[in-house]
Amino acid sequence: MLITPFQKAVQHRVQLIPILLLTITMVLFSCKKTAPTEDKKLVIKDLFVEREPYNFILGTHAISGSYQFTTNVSLIEQAQKVREMGSNILKISLGKDATSIYKINETFPSKTTLELFSNNAAYKIACDMDFKYIFLWVHTLTNVDWKSTISPKNEKILYDEMYKFATYLLNRYDNSGKTFFIGNWEGDWLLIPNYDASVTPSAASLNNMAKWFQIRQRAIDDAKAASTSKNVYMYHYIEANLVKKGMNGQPCVAQSVIPQVNVDLISYSSYESIKGPNYDAKKNDLTAAFNYLESKLQPKPSLPFSKRVFIGEYGFQADATRPTTLQQQFNQSKEIMKIAFELNLPFALHWQMYNNEYDNITKASKNMSLINEQGEKTRLYSLHQDFYQKMNAYLKEEKLKNNTYPTSEQFRTKAIEVLSTLTF
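Residues numbered from 1 in each chain as written. Predicted model: local features only at pLDDT ≥ 70, side-chain atom pairs only at ≥ 80, totals over all residues. Heavy atoms only, no water.

K.L.:
Just to check I follow, could you spell out the overall build of the protein chain for this structure?
P.N.:
Across its full length, the protein chain holds 14 helices and eight strands. Expressed as a percentage of the 424 residues in the protein chain, the buried residues total 54%. (Helix = DSSP H or I, 4+ residues; strand = E, 2+ residues; numbered from the N terminus. Buried < 20%, exposed > 50% of the residue type's maximum accessible area, 1.4 Å probe, protein only.)

Okay, structure coming up:
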């Protein structure tokens with residue numbers, strides 16, 4: 001086939017884009033801020049991903065990962081991969097180990113969450129990309145240990161840390177259309193050592209966690225109330241991961257902590273409820289878990305979500321030497337995606353873009369990533385990418401035809417239809 005000069009020009013431009021992106025982000029390093037100009041928002045645009053400003057529900061994580069393929073900061077590399085895939089949802093960490101996992105070089109370690117974000121260009125570069133929904137793992141970078149008794153002095157430290165960080169985000173992203181979700185990593189594991197689900201956390205630990213979450217929620221609510229920013233949104237969520245313990249009447253985050261906090265949303269790290277042998281079993285387990293979680297929420301009618309519970313993590317392992325397990329992984333993941341739409345959940349986030357799960361004995365990869373250790377895009381990557389492309393085309397068509405986007409119910413119906421067409 002003959003290639004016209006115009007086609008050659010387009011091809012050349014497309015080939016240059018990733019090089020330009022890499023160059024930009026390599027120059028905009030993630031060390032401590034040295035000049036006021038570094039605080040300006042960076043707008044990165046490319047030709048790979050043109051998507052509508054709509055909630056596609058399905059997303060992934062850009063947290064951890066035991067490998068990378070550029071000399072860039074891992075946070076930026078993973079954020080770019082999420083964006084190139086077609087997602088407008090980003091989930092990243094601002095925990096104490098974030099500089100280590102993202103290979104961010106800090107001359108002086110940050111002492112608050114705001115310092116970590118504002119003093120390191122990598123965070124601003126990632127969040128300045130045109131992600132519409134940004135989830136942030138935030139705990140505390142202060143020396144306050146909330147697991148101990150929280151004194152009035154320490155309460156103020158925790159409150160101020162969250163209030164100042166929330167205020168900074170609201171100001172920086174004024175009129176951006178972005179929505180930020182600030183929450184924790186799997187709450188039950190924060191209470192229990194050594195991932196031992198049989199351990200019962202003490203009443204004191206549960207109450208201290210509840211107080212910690214109350215402080216965070218109040219700080220975010222107060223920051224929002226004081227802010228004059230427009231068209232930027234922020235919510236606080238609590239993540240639980242041993243929900244079945246609560247359903248059996250045992251002390252845990254869902255049973256003992258969440259009822260004490262007027263939290264915006266609940267995230268469910270859902271591995272315990274997605275192990276059913278078939279679709280119906282998975283749906284029944286997830287439905288029961290989410291019904292239970294919703295029963296623990298206090299009324300909060302001002303929130304723009306028909307459901308205030310979502311899947312914060314799900315994922316399935318596979319063995320690369322056994323191809324049938326890869327297909328099984330694909331099918332199981334698609335089942336969870338479909339269930340998320342059927343249950344009208346606002347989000348379902350897959351774990352994750354780069355793998356960090358390995359067998360303790362053999363050290364073999366558990367292949368839970370969308371891009372594997374060899375840099376290959378897996379079928380799970382394609383599943384997400386194909387879904388985004390088809391749903392984006394649907395949104396454009398509906399907007400052109402009706403001068404408005406489809407309702408959330410129409411979108412969910414179409415999403416289920418599209419998922420049924422995507423095969424391994």
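Having seen the model, we can carry on.
K.L.:
In this structure, what is going on with the pattern of salt bridges? I would like to understand it.
P.N.:
Two side chains bearing opposite charge may form a pair once their charged atoms approach each other closely. One pass over the structure, following the stated rule, counts 16 salt bridges. Here Glu 417 makes a salt bridge to Lys 414, at a shortest N to O gap of 3.2 Å. Here the residue Glu 417 and the residue Lys 414 both occupy positions in helix α14 (residues 408-421), the gap between them amounting to three residues, near one helical turn. Among the residues examined, Glu 417 registers a relative accessible area of 43% and is labelled partly exposed. A residue is classified by how much of its surface remains accessible, and Lys 414, at 23% relative accessible area, is partly exposed. A cluster of three or more residues bridged by salt bridges with shared partners is formed by Arg 51, Arg 83 and Asp 130. (Salt bridge = Lys/Arg side-chain N within 4 Å of Asp/Glu carboxyl O.)

K.L.:
Even after reading the chapter, I still don't get unusual backbone geometry, so can you show me in this structure?
P.N.:
Glycine aside, residues mostly have negative phi, and peptide bonds are mostly found in the trans state. Residue Gln 352 follows Trp 351 across a cis peptide bond; omega there is -15 degrees. Positionally, Gln 352 belongs in the loop between β8 (348-350) and α13 (379-402). The phi angle at Ser 64 is positive, at roughly 65 degrees, despite the residue not being glycine. Tracing the backbone shows Ser 64 in the loop between β1 (58-60) and α2 (74-85). The phi dihedral of Asn 367 falls on the positive side, at around 55 degrees, and the residue is not glycine.

K.L.:
Please explain the environment of Ala 288 as it appears in this structure.
P.N.:
Positionally, Ala 288 belongs in helix α11 (residues 279-295). Since its relative accessible area comes to 31%, Ala 288 is described here as partly exposed. Along the primary structure Ala 288 and Lys 244 are separated by 44 residues, whereas in three dimensions their C-alpha atoms are 9.3 Å apart.

K.L.:
Help me understand the pairing of strand β5 (residues 233-240), please; the structure alone is not making it clear to me.
P.N.:
Sheet faces and side chains relate simply in a regular strand, where the side chains alternate between the two faces. Among the eight residues of β5, seven are classified as buried, and the element is accordingly described as predominantly covered. In terms of strand pairing, strand β4 (residues 179-183) meets β5 through five bridges, oriented parallel. Looking across to β5, one finds that Ile 182 is bridged to His 236. As paired elements, β5 and strand β6 (residues 265-269) share four bridges and run parallel to each other. Within the sheet, the bridge partner assigned to Ile 238 lies in β6 and is Ile 266. (Pairing = 2+ DSSP bridges.)

K.L.:
Would you mind showing me how to read the packing of helix α6 (residues 152-172) against helix α8 (residues 203-226) here?
P.N.:
For any two helices packed against each other, one specifies the crossing angle of their axes together with the interaxial distance. Contact geometry for α6 and α8: axes closest at 8 Å, N-to-C directions at 40 degrees. Taken together, the axes of α6 and α8 lie oblique to each other. The way α6 lies across α8 gives a crossing that is right-handed. Counted together, Glu 155, Leu 158, Tyr 159, Met 162, Tyr 163, Ala 166, Thr 167 and Leu 170 of α6 and Lys 211, Trp 212, Ile 215, Arg 216, Arg 218, Ala 219, Ile 220, Asp 222, Ala 223, Lys 224 and Ala 226 of α8 form the full contact between these two elements. (Axes fitted to C-alpha atoms, helices over the stretch in contact; angles between N-to-C directions. Parallel < 35°, antiparallel > 145°, perpendicular 65-115°, else oblique. Left-handed = near helix turned anticlockwise from the far one by under 90°. Contact = heavy atoms within 4.5 Å.)

K.L.:
Sorry if this is basic, but what is going on with the layout of surface pockets here?
P.N.:
Once rolled over the atoms, a probe with the size of a water molecule shows which space is left empty. Here the largest pocket is characterised by a volume of approximately 1,200 Å³. Trp 185, Glu 186, Trp 189, Tyr 195 and Glu 313 are, among the 41 residues lining the largest pocket, the residues nearest its centre. A breakdown of the residues in the lining of the largest pocket according to their chemical character gives 17 nonpolar, 13 polar and 11 charged. (1 Å grid on protein atoms, 1.4 Å probe; cavity = no way out; pocket = protein on both sides within 12 Å on 5 of 7 lines; lining within 4 Å. Points joined across faces, edges and corners; volume = space filled by probe spheres on them. Nonpolar A, V, L, I, M, F, W, Y, C, P; charged D, E, K, R; others polar.)

K.L.:
Sorry if this is basic, but what is going on with the nonpolar core here?
P.N.:
One broad trend across soluble globular proteins is that nonpolar side chains are buried collectively. In this structure, Tyr 123, Leu 136, Leu 169 and Phe 387 are the most contacted members of the largest nonpolar core, which totals 131 residues. Sequence-distant contacts of Leu 136, that is, excluding residues within four places in its chain, are made with Ile 92, Leu 94, Phe 165, Leu 169, Phe 180, Phe 181, Ile 182, Gly 183 and Tyr 237. (Core = buried A, V, L, I, M, F, W, Y, C linked by side-chain atoms within 4.5 Å.)

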